Amino acid sequence: MEKVFRTGIGFDVHRLVENRRCIIGGVDIPSDKGLLGHSDADVLAHALSDALLGAAGLGDIGTYFPDHDPAFKGADSIVLLKKVCNEVVSRGYRIINADCVIICETPKINPHREAMKQILAGALGVDITQIGIKASTSEKLGFTGRGEGVAVQAVATLYGALIPQKI
Ligand code: MG
């Protein structure tokens, strides 16, 4: 059967608040503010999960891990990302690469970028060169610019069977 590339997009935002850990891409970043959420609020793991699910046509992480379900309270989002990876791979897709942009004024991402790449690559069972992570500010504009939250955009590319077109 012919195989093709499929692309998915993911986006997530979490609010920065006091008295929360700041976990991004599985890295616990020392910071006076952390990310608020039902799970560990790992905004990068969430956006990447959605990109992978989107590429496979499988909906979003809210479907798999509802934020009202006590089972996912404080959940390690890297564990959830691994489950998403299993969903995708078990349907015959191979993960080719993923690329992510973290948009925030704070915390500083660059010192933690390689550790994040290593953790995400490990979760997806791919080489570190298949994961891209970039950091950007929004030039002090909007909620990210004011340091009120962190946003992440992600894209993922899969390789798998072409579904025949019906017409
Ligand atoms: Mg989220």
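Above this note sits the structure.
My aim in this report is to walk through the structure given alongside it, one point at a time. (Residues numbered from 1 in each chain as written. Predicted model: local features only at pLDDT ≥ 70, side-chain atom pairs only at ≥ 80, totals over all residues. Heavy atoms only, no water.)

**Considering the pattern of salt bridges**
Per the counting criterion, the structure on display carries six salt bridges. One salt bridge in this structure joins R21 and D28, with 2.8 Å as the shortest N-O distance. Taking the relative accessible area as the measure of exposure, R21 reaches 55% and is therefore exposed. When its relative accessible area of 39% is taken as the criterion, D28 is described as partly exposed. Between D99 and K134 there is a salt bridge; the shortest N-O distance is 2.9 Å. With D99 in strand β5 (residues 94–103) and K134 in strand β6 (residues 131–136), this residue pair connects regions lying 35 residues apart in the sequence. (Salt bridge = Lys/Arg side-chain N within 4 Å of Asp/Glu carboxyl O. Buried < 20%, exposed > 50% of the residue type's maximum accessible area, 1.4 Å probe, protein only. Helix = DSSP H or I, 4+ residues; strand = E, 2+ residues; numbered from the N terminus.)

**Some remarks on helix α1 (residues 43–55)**
With 13 residues, α1 ought to run about 18 Å at 1.5 Å a step, and its terminal C-alpha atoms sit 18 Å apart, in line with that. Within α1, twelve of the 13 residues are buried, which leaves it mostly tucked inside the rest of the structure. A positive backbone phi angle near 70° is found at G57, which sits one or two residues after α1. (Expected span 1.5 Å × (residues − 1).)

**Comments concerning the packing of aromatic side chains**
By convention here, two paired aromatic rings are described through the distance between centres and the angle between planes. In total, this model carries three aromatic pairs according to the counting rule given. The interplanar angle of 45° and the centroid separation of 4.9 Å between the aromatic rings of F5 and Y159 together place this pair among those described as tilted. With F5 in strand β1 (residues 3–17) and Y159 in strand β7 (residues 149–161), this residue pair connects regions lying 154 residues apart in the sequence. F5 sits in the exposed class, given a relative accessible area of 58%. Classification of Y159 by relative accessible area gives partly exposed; the value is 26%. Three or more aromatic residues joined by ring pairs make a cluster, and in this case those are Y64, F65 and F72. (Phe/Tyr/Trp six-rings, centres within 6.5 Å; stacked < 30°, edge-to-face > 60°.)

**Quick notes on unusual backbone geometry**
In this model, T106 is joined to P107 through a cis peptide bond whose omega is 0°. With phi around 65°, K140 is a residue other than glycine that occupies positive phi space. Secondary-structure assignment places K140 in the loop between β6 and α5 (142–145). On the basis of relative accessible area, K140 is assigned to the exposed category, the value being 60%.

**A look at helix α4 (residues 113–124)**
Taking 1.5 Å of rise per residue, the twelve residues of α4 would be expected to cover 16 Å, and the 16 Å separating its terminal C-alpha atoms lies within 8% of that figure. For α4, the secondary structure elements touched by its buried residues are β2 (22–24), β3 (27–29), α1, α3 (77–90), β5 and β6. Of the residues one or two after α4, G125 is the one with positive phi, at around 65°. (Contact = heavy atoms within 4.5 Å.)

**What to know about the coordination of the magnesium ion**
Protein coordination of the magnesium ion is provided by D12 (OD), H14 (NE2) and H46 (ND1), with donor distances spanning 2.2 Å. Counting gaps between the donor residues of the magnesium ion yields the pattern D-x1-H-x31-H. D12 gets classed as buried once you look at its relative accessible area, which sits at 17%. (Donors = N, O, S within 2.8 Å, 3.2 Å for Na, K, Ca; no water.)

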